[in-house]
Number of protein chains: 2
Amino acid sequence: MSEVVIAGIGQTPVGEHWDISLRDLALEAIQAALKDAGGLRPQSLFVGNMLAPTLSNQAHLGALISDYAGMTGIEAMTLEASGASGGAALRQGYLAVASGMTDVALVVGVEKFTDTIGSDIEEAIATETDSDFEAMQGLTTTAQAAMLMRRYMHEYNVPVNGFANFPLTAHANGEGNPNAMFRKAIKAETYAKAEPVSPPLNMFDVAPNADGAAALILTRRELVQSIGAKPLVKIAGSASSTDTLAMHDRKDMLFFDTAQVSAGKAMKQAGVVLDQIDFFEYHDVFSIYAALQLEAVGFAIKGQGWKLAESGGIGLNAGAKIPCATMGGMKARGFAGGASGVYQAVEAVNQLRGQAGKNQLAGAKFGLIQSLGGPASTAVSHVLSAA
Amino acid sequence: MSEVVIAGIGQTPVGEHWDISLRDLALEAIQAALKDAGGLRPQSLFVGNMLAPTLSNQAHLGALISDYAGMTGIEAMTLEASGASGGAALRQGYLAVASGMTDVALVVGVEKFTDTIGSDIEEAIATETDSDFEAMQGLTTTAQAAMLMRRYMHEYNVPVNGFANFPLTAHANGEGNPNAMFRKAIKAETYAKAEPVSPPLNMFDVAPNADGAAALILTRRELVQSIGAKPLVKIAGSASSTDTLAMHDRKDMLFFDTAQVSAGKAMKQAGVVLDQIDFFEYHDVFSIYAALQLEAVGFAIKGQGWKLAESGGIGLNAGAKIPCATMGGMKARGFAGGASGVYQAVEAVNQLRGQAGKNQLAGAKFGLIQSLGGPASTAVSHVLSAA
């Protein structure tokens, strides 16, 4: 298969965009990506979206968005794998280009949550759980994450506020991201005093549901060299895996198998080991997910993910073991559902291009991004590298 | 890219399966396909589904179905392109195998419409139209098809009952399909006397919304030869295209551009011309769609698709120009949403294997199948051939 590069990126600010429709959000990200790619014209569109049919009364986004973006006639379809929809769209775009089926693919993640009231969003998101055995009992994904966090705290003797450094790091990094929903650092006391959402999760352990769109232009390296769009970032590894949808079917709820498997495969394909990864964009829709991803991927041993965060090991500081959520993550950038996996890629490209502004990591060569559906029922991992 | 073959097929009967859940429908089709494929184990699952998040409160079907089918851990995701979701899933499965990314892919189309009352199904299906400009005005896809048919009748002076032979052919063919929802031929008088649904569409011009699942096992030819699963069918061509989502944005509403473009590309890839196609599985969710597909693909000239049907040119009879809906099509087999495109492939495989029973076409070598989203806002076409 051919070498695939990301030749263009685009994103909208993440937030409550009540005055911008779903299609306009997508268009804004696409136009920015096309401009960034210097004139490449896509033949295929892969849309990552979770809940537009439910929350925006709009299915069939492939035809809608390709037409609205002035690309009527191209191939287009939507990928859905819950919160990992953006990652799934990126993976299919990668595959289309790598296989030679398509010269230039457009990957768009788009989501519009905030036109809907909070409880209805929760109900809609709960369709990502096992509907017949979980959501049917009243389970929401927030409640599910709370139970997971409680169990983790019990098993590993985690003190109250033991997860604080996940949101603290995210919010500190959000300051440097002009597209983040929250661009203000928070203090440890603020976290400690925050209202509970679903104990032990407090307000800062849960990423805000938000609206946004992000876009990528993928092509083969030989095609983009001829038009001079640079610097390029290479998709060095791509992999995806699933686990049981229902938590109660797992042998060990406190280990994210799919995070381990998909990251391992992606790194193997990229020919890198964990020590070579310069930063990790995890799926911190809940703090507990971040801890479990650090452990599954191998940055921390089992039960110690929270300690890695607590000891300052995930920040942008020079001595950090593995900088995470470098542009604010889902906690501070905001959680725009099926767009999230594409935002991760856009942010990683900025790091690898040296265009991450105040949040730039010196000499970053390899980034690992990981998009989850539910509590890692699906995980899609990509290794991006400076090309 | 490698040569991809269909090594196994499975399907459930299509109908009102109030006692079988979505996951059980999928499982039944998968188990049949795995058995048919003689032991091949998939590494990837591509699910075609339109409306499970809305009608069955269940998103994230990739993780759900792979786990329920005993394949926990494999890669899995859902493809959505409205009524063309099944075709889109087949295309992504094809791509995964052709590229070498996956050795064995499982493609499943599944839909469960009839747990929901009719008006709610219509409302849900209307999300495939342009929500802001069409569904918002009260448009349903049935009303949209009625307007399209009225315009066609006006432009081409089609008499009342001019479309009769589409459902008559479908129902006649449904008699020979044990999995069809309707297995009884109808008479011309029955069509002529049928209740209007949305004039000029009558009851027989609209395929029934139904439940069902169909599955395919795809692999590279060299892998399946070693286990002896035969006869094989080859995916000789695969292509997909989109048009405007909203009908009012089209230059010519009475020509299905995407049907032409995707069929043309798939035939070109397969190295065949139209005369070599032995049968055509069209997307006859409405009679008018069937007529417009015959014209767009080239079996009839513009405005004459209905005449091809009226003159007996689409039946199983020896002299027919192009046998269509050979196992009953959507009209008699039933319209199981995102499963439909996969059913088309399963039925085409049966024809090409010589296992189509009473409906077997003598010496069929090439079949064209075409899955539509909305009024050909998306079209996905595949050419299958005896391998």
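Residues numbered from 1 in each chain as written. Chains lettered and ligands numbered in written order. Predicted model: local features only at pLDDT ≥ 70, side-chain atom pairs only at ≥ 80, totals over all residues.

Engineer: Help me get a handle on the interface of chain A and chain B, residues and values and all.
Structural biologist: Each partner contributes to the interface: chain A provides 53 residues, whereas chain B provides 52 residues. Those elements giving two or more residues to the side of chain A that touches chain B turn out to be α2 (52-55), α3 (61-68), β3 (75-80), α4 (85-98) and β8 (233-242) of chain A. No other element matches β3(A), which puts 6 residues into the side of chain A that touches chain B. For the side of chain A that touches chain B, a count of residues per class yields 20 nonpolar, 25 polar and 8 charged. Pairing of β3(A) with strand β3 (residues 75-80) of chain B involves 3 bridges; the strand directions are antiparallel. Residue Thr78(A) lies in a different strand from β3(B), and its bridge partner there is Glu80(B). (Contact = placed C-beta atoms within 7 Å. Helix = DSSP H or I, 4+ residues; strand = E, 2+ residues; numbered from the N terminus. Nonpolar A, V, L, I, M, F, W, Y, C, P; charged D, E, K, R; others polar. Pairing = 2+ DSSP bridges.)

Engineer: I'd like a description of the nonpolar core, backed by residues and values.
Structural biologist: By size, the foremost hydrophobic cluster in this structure holds 292 residues, and its most contacted members are Val108(A), Leu216(A), Val342(A), Val108(B), Leu216(B) and Val342(B). Not counting the four nearest positions on each side in its chain, Val108(B) is found in contact with Ala26(B), Ala29(B), Ile30(B), Leu45(B), Val47(B), Gly48(B), Ile65(B), Ala213(B), Ala215(B) and Val342(B). (Core = buried A, V, L, I, M, F, W, Y, C linked by C-beta atoms within 7 Å. Buried ≥ 20, exposed ≤ 12 C-beta atoms within 10 Å, placed from the backbone.)

Engineer: Any chance you could break down the relation of the copies chain A and chain B for me, citing the residues and the numbers?
Structural biologist: Overlaying chain A with chain B gives an RMSD of 0.0 Å, the required rotation being 180° about an axis along which the chain moves by 0.0 Å. Expressed as an axis order, the relation between the two copies is that of a two-fold axis. The overlap is high: 98% of the interface residues of chain A also sit at the interface in chain B, so the same surface is used on both sides. (Least-squares fit on C-alpha atoms with pLDDT ≥ 70 in both.)

Engineer: Any chance you could break down the pairing of strand β7 (residues 211-220) of chain B for me, citing the residues and the numbers?
Structural biologist: Residue and element names in this part refer to chain B. The element β7 is extensively covered by neighbouring structure, given that 9 of its 10 residues are classed as buried. The sheet contact formed by strand β4 (residues 104-112) and β7 spans 9 bridges and is antiparallel. By the bridge assignment, Lys 112 is partnered in β7 with Asp 211.

Engineer: Any details on the confidence of the model for chain A? Residues and values, ideally.
Structural biologist: Confidence in the prediction for chain A averages 96 pLDDT; 99% of positions are at 70 or higher. Across the whole predicted complex the pTM is 0.98, and at the interface the ipTM reaches 0.97. (pLDDT = per-residue confidence, 0-100.)

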